[in-house]
Amino acid sequence: MAVTLYHEDISYYSQRARLALVEKGIQYESKLVSVAKGEMIDPWFVRLNPEGRIPIIVHGDKVVNETSKILEYLDQAFPSETPLNPPGDEGKKVQYFRDFVHSIAIGDVMAGIYHYPHLVPKLGNFPINRIPSIIKLVHEDIPDRKSVV
């Protein structure tokens, strides 16, 4: 049974799904969905995912949306492959890192860098603890919005 991934190249959440597929060694068909063109609200896509969000995977007659659910599904559907959340202390470290990345609103960071590239030179090469600076700069540039994603 083939796996098809509907995604966009620059989407952090799509990148997570692609990395999970590669890490588990799962062959998949890639279908790009252009957010810029609004394809995620086109009727063909909304039939797959009424929420109109990417990424999604289709595996047989199963459609899975939302990255965390995709990762869980891949571990369940492909149990003999590399686990995405290993057992024991290693799994706790993986979950800690996932929680950390989620806590820094990486979606805002990625969208901000994509939509506001003029902010990137202000930061130069920065350590991970400067990520809140990116979010702050993005929010200063678009003060009327809580989130850019």
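This text gives an overview of the structure that appears in the document. Keep in mind it's a predicted model, so treat the numbers as computed, not measured. (Residues numbered from 1 in each chain as written. Predicted model: local features only at pLDDT ≥ 70, side-chain atom pairs only at ≥ 80, totals over all residues. Heavy atoms only, no water.)

## With respect to the pattern of salt bridges
Line of reasoning, step 1. Scanning the entire structure with this criterion turns up two salt bridges.
Line of reasoning, step 2. Notably, a salt bridge pairs Lys24 with Asp75, separated by 2.9 Å at the nearest N-O pair. With Lys24 in the loop between α1 (12-23) and β2 (28-32) and Asp75 in helix α3 (residues 67-77), the pair connects residues that are 51 residues apart, well separated along the chain.
Line of reasoning, step 3. Residue Lys24 is classed as buried on the basis of its relative accessible area, which comes to 2%.
Line of reasoning, step 4. Classification of Asp75 as partly exposed rests on a relative accessible area of 22%.
Line of reasoning, step 5. Here Lys31 ties to Glu29 by a salt bridge, and the two come within 3.2 Å at their closest N and O atoms. (Salt bridge = Lys/Arg side-chain N within 4 Å of Asp/Glu carboxyl O. Helix = DSSP H or I, 4+ residues; strand = E, 2+ residues; numbered from the N terminus. Buried < 20%, exposed > 50% of the residue type's maximum accessible area, 1.4 Å probe, protein only.)

## A look at the packing of aromatic side chains
The relative placement of two aromatic rings is captured by the distance of their centres and the angle of their planes.
Line of reasoning, step 1. Tallied over the entire structure, the rule returns four aromatic pairs.
Line of reasoning, step 2. Aromatic side chains Tyr6 and Phe45 sit 6.3 Å apart centroid to centroid with 65° between the ring planes, which places their arrangement in the edge-to-face category. Here Tyr6, found in strand β1 (residues 3-7), pairs with Phe45, found in helix α2 (residues 43-48); they are 39 residues apart in sequence, far enough to count as distant. For the pair shown, Tyr6 and Phe45 are each scored as buried.
Line of reasoning, step 3. Their ring planes at 75° and their centres at 5.1 Å tell us that Tyr12 and Tyr13 sit as a pair that is edge-to-face.
Line of reasoning, step 4. Using a relative accessible area of 18% as the deciding quantity, one classes Tyr12 as buried.
Line of reasoning, step 5. For Tyr13, a relative accessible area of 30% gives the class partly exposed.
Line of reasoning, step 6. Connected via pairs of aromatic rings, a cluster forms that spans Tyr6, Trp44 and Phe45. (Phe/Tyr/Trp six-rings, centres within 6.5 Å; stacked < 30°, edge-to-face > 60°.)

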